[in-house]
Amino acid sequence: MMKKLFVFPILLVLMLLIVSCEEDNDVCEAFEPTTCDILATFCSDGEFGYYEYDGNKYICADEECVQATEDVYKAAGCLGSTATIKLTSEHYIYASTVVKRVFEEARASCAGCN
């Protein structure tokens, strides 16, 4: 009987850990560059990333998230409306730093989940 009392709590904890990793484990960070007035959020689950801005999601096509970043800056009116306008180095340095940090945090937060 004593053995069962020790095994049950351990099994319960393991089951909770497994379930928690299967839930939505997105890591998010405020995206507020000093070069423009944007109040957005960048989120990642370690595999995919996206921005949330003004009620819309801007999904990253790859881990660099260049197109999604440009789309957020354009939606905020920071790059103008011309599709050929690209990010300046100041825009890109800030965005790539946030993107990289959030991807790393998301991967670390669920290490060993899959």
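All values reported here derive from a predicted model rather than from experimental measurement.

About the cut-offs
- Residues numbered from 1 in each chain as written.
- Predicted model: local features only at pLDDT ≥ 70, side-chain atom pairs only at ≥ 80, totals over all residues.
- Heavy atoms only, no water.
- Core = buried A, V, L, I, M, F, W, Y, C linked by side-chain atoms within 4.5 Å.
- Buried < 20%, exposed > 50% of the residue type's maximum accessible area, 1.4 Å probe, protein only.
- Helix = DSSP H or I, 4+ residues; strand = E, 2+ residues; numbered from the N terminus.
- Contact = heavy atoms within 4.5 Å.
- Disulfide = S-S within 2.5 Å.
- Pairing = 2+ DSSP bridges.
- Axes fitted to C-alpha atoms, helices over the stretch in contact; angles between N-to-C directions.
- Phe/Tyr/Trp six-rings, centres within 6.5 Å; stacked < 30°, edge-to-face > 60°.

**Some words on the nonpolar core**
By size, the foremost hydrophobic cluster in this structure holds 21 residues, and its most contacted members are Phe-31, Ile-38, Phe-42, Tyr-51 and Val-72. Looking at this core, the elements that each hand over two or more residues are strand E1 (27–31), strand E2 (40–44), strand E3 (49–53), helix H2 (66–75) and helix H3 (89–109). If one sorts the elements of this core by residue count, H3 sits on top with 6 residues. Leaving out residues up to four positions away in the same chain, Ile-38 has contacts with Phe-31, Glu-32, Pro-33, Tyr-53, Val-72, Tyr-73, Ala-76 and Cys-78.

**A short note on the state of the cysteines**
Among covalent bonds in proteins, the disulfide is the one between the sulfur atoms of two cysteines. According to the stated counting rule, one finds 3 disulfides in the structure shown. At a sulfur-sulfur separation of 2.0 Å, the disulfide partner of Cys-28 is Cys-43. The disulfide joining Cys-28 to Cys-43 has a torsion of about 110 degrees about its S-S bond and is therefore right-handed. Taken as a pair, Cys-28 in strand E1 and Cys-43 in strand E2 lie far apart in primary sequence, 15 residues in all.

**Some details on the sheet that holds strand E4 (residues 56–59)**
Either a parallel or an antiparallel arrangement is found when strands of a sheet pair, and the pairing is made through backbone hydrogen bonds. Taken together, 4 strands build an open sheet; the order of strands is E1-E2-E3-E4 and the sheet is antiparallel. Edge positions in the sheet fall to E1 and E4, since each of these pairs with one other strand and no more. Adjacent strand axes in the sheet meet at a mean angle of 25 degrees when their direction is disregarded. Where E2 meets E3, 4 bridges bridge the pair, whose relative direction is antiparallel. Looking across to E3, one finds that Ser-44 is bridged to Gly-49. Across the sheet, H3 is in contact with E1, E2 and E3; its angle to E1 comes to roughly 160 degrees.

**A few points about the packing of aromatic side chains**
Considering all chains together, one arrives at 5 aromatic pairs under this definition. Note on Phe-31 and Tyr-94: the rings are 5.2 Å apart at their centroids and 45 degrees apart in plane angle, and the pair reads as tilted. Linking Phe-31 in strand E1 with Tyr-94 in helix H3, this pair joins segments that are 63 residues apart in sequence. Residue classification places Phe-31 among the buried residues on the basis of a relative accessible area of 0%. The partly exposed category is assigned to Tyr-94, whose relative accessible area is 27%. A centroid spacing of 6.1 Å and a plane angle of 45 degrees characterise the contact between Phe-42 and Phe-103, whose relative ring orientation is tilted. Of this pair, Phe-42 sits in strand E2 while Phe-103 sits in helix H3, and the two are 61 residues apart along the sequence.

**Some remarks on H2**
Considered for burial, the residues of H2 that qualify are Ala-68, Thr-69, Glu-70, Val-72 and Tyr-73. Its buried side turned inward, H2 meets E1, E2, E3, E4 and H3. Count one or two residues on from H2 and you reach Gly-77, which has phi positive near 80 degrees.

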